[in-house]
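In case you want the letters, here they are:
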Amino acid sequence: METMEELLARAETSHGHMCAGQVLGVRMALLGCERVGISDPRGAERKNIIVYVEIDRCAADAINTVTGCRLGKRTMKYLDYGKLAATFLNTKTGEAVRVVALDTSREAADRAFPEIENKYDRQLQAYKVLPEEELFKIERVRVRINDEDQPGRPVSRVKCDECGEGINDRREVAREGQTLCRACAGEAYYVKL
Ligand SMILES: [Zn+2]
Ligand SMILES: [Zn+2]
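Keep in mind that this is a model prediction, so the values were computed, not measured.

Further remarks concern the pairing of strand S4 (residues 96-101). With five of six residues buried, S4 is to be regarded as a mostly interior element. Bridging between strand S3 (residues 85-90) and S4 involves five bridges; their strand directions are antiparallel. Counted as the bridge partner of Thr87 is Arg98 from S4. With antiparallel pairing between neighbouring strands as the criterion, S3 and S4 make up a hairpin whose turn holds five residues, including Gly94 at a positive phi of roughly 80°. Bridge analysis of S4 against strand S5 (residues 136-141) gives six bridges, and the strand direction is antiparallel. Each bridged residue has a counterpart across the sheet, and for Val100 the counterpart in S5 is Lys137.

Axis separation between helix H1 (residues 4-15) and helix H3 (residues 58-67) bottoms out at 9 Å; the angle between their running directions is 120°. By the criterion of interaxial angle, the relationship of H1 to H3 is oblique. The handedness of the crossing between H1 and H3 comes out as right-handed. Across the interface between the two elements, Leu7, Arg10, Ala11, Ser14 and His15 from H1 touch Cys58, Asp61, Ala62, Thr65 and Val66 from H3. Its residues placed into classes, the contact of H1 with H3 shows five nonpolar, three polar and two charged.

Here the focus is unusual backbone geometry. For Arg170, which is not a glycine, the phi torsion comes out positive at approximately 60°. Within the secondary structure, Arg170 sits in the loop between strand S7 (166-168) and strand S8 (173-175). Here the phi dihedral of Glu176 falls at roughly 45°; this positive angle occurs in a residue that is not glycine. Positionally, Glu176 belongs in the loop between S8 and strand S9 (178-180).

As a further point, take the packing of helix H2 (residues 20-35) against H3. In the contact formed by H2 and H3, the axes pass within 7 Å of each other and the chain directions differ by 45°. Judged by the inter-axis angle, H2 sits oblique to H3. Here H2 runs over H3; the crossing is right-handed. Residues Gly21, Gln22, Leu24, Gly25, Val26, Met28, Ala29, Leu30 and Cys33 of H2 lie in contact with H3, whose contacting residues are Cys58, Ala59, Ala60, Asp61, Ala62, Ile63, Val66 and Thr67. Of the residues assigned to the contact of H2 with H3, the class counts are 12 nonpolar, four polar and one charged.

Domain annotation of the protein identifies domain 1 (4-146) and domain 2 (153-187). One C-alpha centre belongs to domain 1, the other to domain 2, and the line joining them spans 34 Å.

This brings us to the sheet that holds S4. The mixed open sheet is built from five strands, whose spatial order is S2-S1-S3-S4-S5. Looking at which strands have only one partner, the edges of the open sheet turn out to be strand S2 (76-78) and S5. Strand after strand, the sheet turns through a mean of 20° between neighbouring axes, direction not considered. Judged from the five bridges that link them, strand S1 (residues 49-53) and S3 form a sheet pairing that is antiparallel. Pairing of Ile49 across the sheet is with Asn90, part of S3. Of the strands in this sheet, S1, S2 and S3 are in contact with H3, which crosses S1 at around 175°.

With that settled, the discussion passes to the environment of Thr75. Inspection of the secondary structure assignment puts Thr75 in the loop between H3 and S2. Here the alpha-carbon distance between Thr75 and Ala188, two residues 113 residues apart in the chain, equals 25 Å. Residues contacting Thr75, with those up to four places away along its chain left out, are Ile49, Ile50, Val51, Cys69, Arg70 and Pro151.

Conventions adopted
- Residues numbered from 1 in each chain as written.
- Chains lettered and ligands numbered in written order.
- Predicted model: local features only at pLDDT ≥ 70, side-chain atom pairs only at ≥ 80, totals over all residues.
- Buried ≥ 20, exposed ≤ 12 C-beta atoms within 10 Å, placed from the backbone.
- Helix = DSSP H or I, 4+ residues; strand = E, 2+ residues; numbered from the N terminus.
- Pairing = 2+ DSSP bridges.
- Axes fitted to C-alpha atoms, helices over the stretch in contact; angles between N-to-C directions.
- Parallel < 35°, antiparallel > 145°, perpendicular 65-115°, else oblique.
- Left-handed = near helix turned anticlockwise from the far one by under 90°.
- Contact = placed C-beta atoms within 7 Å.
- Nonpolar A, V, L, I, M, F, W, Y, C, P; charged D, E, K, R; others polar.
- Domains from an automatic or database assignment.

So this is what it looks like as structure tokens:
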């Protein structure tokens, strides 16, 4: 694994700017990988890691930069919890840790760098150097991953009886003898015009 500075440089390029979220995300990912015994997530061990991110903000990109886990490879799972947290699963050993950024890290940044005037600069600097226990809660967890959520080929492909669109990986809903996609079953996020 590269150093934190090297990873931050790559995160900045990939994300488009440097921000506190990149620093937290890089550190979360480094910690998570280390705690589940993964030292080369983008190389030899790329098939052994799945990350569950609980927020769709800056840090999620940094976690992608460090781990190489991606939505399109099914190695990054997005849970819409609105929390700056992520779980790192070693699929080979089953070990998993959940890393949560603490709300108190902001006050810790204020205490560590009172001389830096701008709040965001203060956080940016502090998050690079503060000890992990001031920034994160880390907990051992167990994650069960279903066959239909695994990377690799889809386990199923069916057609929605209503709209005719194809549905992968058992995301269909059975209703009154019909096979429906989630949208036709009433879960659509859009309205047809
Ligand atoms: Zn950002
Ligand atoms: Zn449908």
